[in-house]
Amino acid sequence: MKKKMNLRIAITGAALVAAVATGTAFAVNGSTSGPGSERPRVEQSKQTTPSVIDAKGPGVFPHSLGYEARSKTFFTGSLKHGTVSAVGLDGKVRTHIDDPELVSAQAVLVDRKRDRILVSNVDYGTADRSNKDNPFRVAGVGSYDLKSGKQDWCVDLTAVALDGKRHLISDVTVAPDGTAYAVDELTPTVFRIDRKGRASVFLQSDLLKGTLDIPNFLNDVGMSAVEWVPGNQLIIAMADGSLVRVPVHRPEEARKVKLDKPLGAPTAGMRLLKDGSIAAVSSGLLSGKPAKIQRVEPRDGWNEATVSVTDTVKDPITSDVTAGPGGTTYALSGGLADLLAGKPNSGFALTPVKTN
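Residues numbered from 1 in each chain as written. Predicted model: local features only at pLDDT ≥ 70, side-chain atom pairs only at ≥ 80, totals over all residues. Heavy atoms only, no water.

Enquirer: Looking at this structure, I do not really get the sheet that holds strand β4 (residues 84–88). What am I missing?
Expert: Note: strands within a sheet are paired through backbone hydrogen bonds, in either parallel or antiparallel orientation. A sheet is described by the order of its strands in space; here four strands give the open sequence β2-β3-β4-β5, paired in antiparallel fashion. The outermost strands of the open sheet, each flanked by one partner alone, are β2 (65–68) and β5 (93–97). Each strand of the sheet is rotated relative to its neighbour by a mean of 30°, with strand direction disregarded. (Pairing = 2+ DSSP bridges. Helix = DSSP H or I, 4+ residues; strand = E, 2+ residues; numbered from the N terminus. Axes fitted to C-alpha atoms, helices over the stretch in contact; angles between N-to-C directions.)

What follows is the structure in structure tokens.
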């Protein structure tokens, strides 16, 4: 395993695209959801022909997003400012959460059942609040009131791991009882966080070790996204295109899902669909080709699954999928190339995509 990290980003050709993709939820989450969250259940709307939403948020640089149906609002984090923004269907963007404890806000999960937003806290070394000389030393999850944006709690997962290693909390999901599960891209660790913010190590397994290298940026990238699914299991996407099934009550029985074909690598965000399938986006970060939207249909309780491509997004650096109005699904393209190149950015795009 190669353990060195080269933080000198080559902003040319495939190297630029590769560097941009790290959230292999960035794949890195978010924004993901369980049955206590917003994604599996969306409000019906008069919108019959969804269109691209050009979000007017200069300098936000989001990585993942969630959707709240009652207010018809998307919520997305900022890798640059560490804030969480509310995005209307008209593309207007306003700051909803501004917590000084958040360095970069990566995974964003709307948990409507508990009227909260869960946010993963990371540090690539590129944010306003970054320790630019010592990145990947911040790892945590915060809970915030859905209406006010006020912090409920913010847990430091490096203090739970106590391993002195670099960490990157790429994604988070929620079980029906309100327990959150967070996955780490840089170590094979899944964290469990109860409703009061008390955290523990849920699982460490060689199955979750990273094997994907992002040239000129980051090596051994592992877990990129996670979803709670019926049957009380976690489905974890690995950056290399494989999936791991983890029974919540028997995590030691974690196994790889037998796929008829791997997901595109690096795999990015996932969304649980109403029929129990998963929609996943794979970034074109290594190839520069359009991002792929894939449908993963389980068999035999997620011991096996089939993978099919249902759509593409022209922007290769597309990092998440979430629910939208009227049963739609939207993919997020956050302008991350500009962030890593140190360039200004006028906004980001939410693109409606097909999932079947």
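Enquirer: Explain unusual backbone geometry to me, please; I cannot follow it from the model alone.
Expert: For the bond running from A265 to P266, omega is 0°, close enough to zero to count as cis. Within the secondary structure layout, P266 lies in the loop between β20 (258–259) and β21 (267–272). A positive phi angle, close to 55°, is found at D300, a residue other than glycine. Topologically, D300 is positioned in the loop between β23 (291–299) and β24 (304–313).

Enquirer: How should I be thinking about the pairing of strand β6 (residues 104–111) in this particular structure?
Expert: Every regular strand shows the same layout, with side chains that alternate between the two sheet faces. Of all eight residues in β6, eight are buried; the element is thus mostly enclosed. Sheet analysis places β6 next to strand β7 (residues 116–122), joined by six bridges and oriented antiparallel. Opposite V110, over in β7, you have I117 as the bridge partner. Between β6 and β7, which follow one another and run antiparallel, lie four residues, and D115 among them has a positive phi close to 50°. (Buried < 20%, exposed > 50% of the residue type's maximum accessible area, 1.4 Å probe, protein only.)

Enquirer: Help me out: how do you make sense of the layout of surface pockets in this one?
Expert: To find the voids left in a structure, one rolls a probe of water-molecule size over its atoms. Estimated volume of the second largest pocket: approximately 220 Å³. For the lining of the second largest pocket, the per-class residue count stands at five nonpolar, five polar and five charged. (1 Å grid on protein atoms, 1.4 Å probe; cavity = no way out; pocket = protein on both sides within 12 Å on 5 of 7 lines; lining within 4 Å. Points joined across faces, edges and corners; volume = space filled by probe spheres on them. Nonpolar A, V, L, I, M, F, W, Y, C, P; charged D, E, K, R; others polar.)

Enquirer: Is there a simple way to think about the nonpolar core in this case?
Expert: A general feature of soluble globular proteins is that nonpolar side chains tend to end up buried together. Formed by 33 residues in total, the largest nonpolar core has its most connected members in V141, L157 and I169. Formed by 17 residues, the second largest nonpolar core is a distinct cluster that contains Y181, L208, W228 and L234. (Core = buried A, V, L, I, M, F, W, Y, C linked by side-chain atoms within 4.5 Å.)

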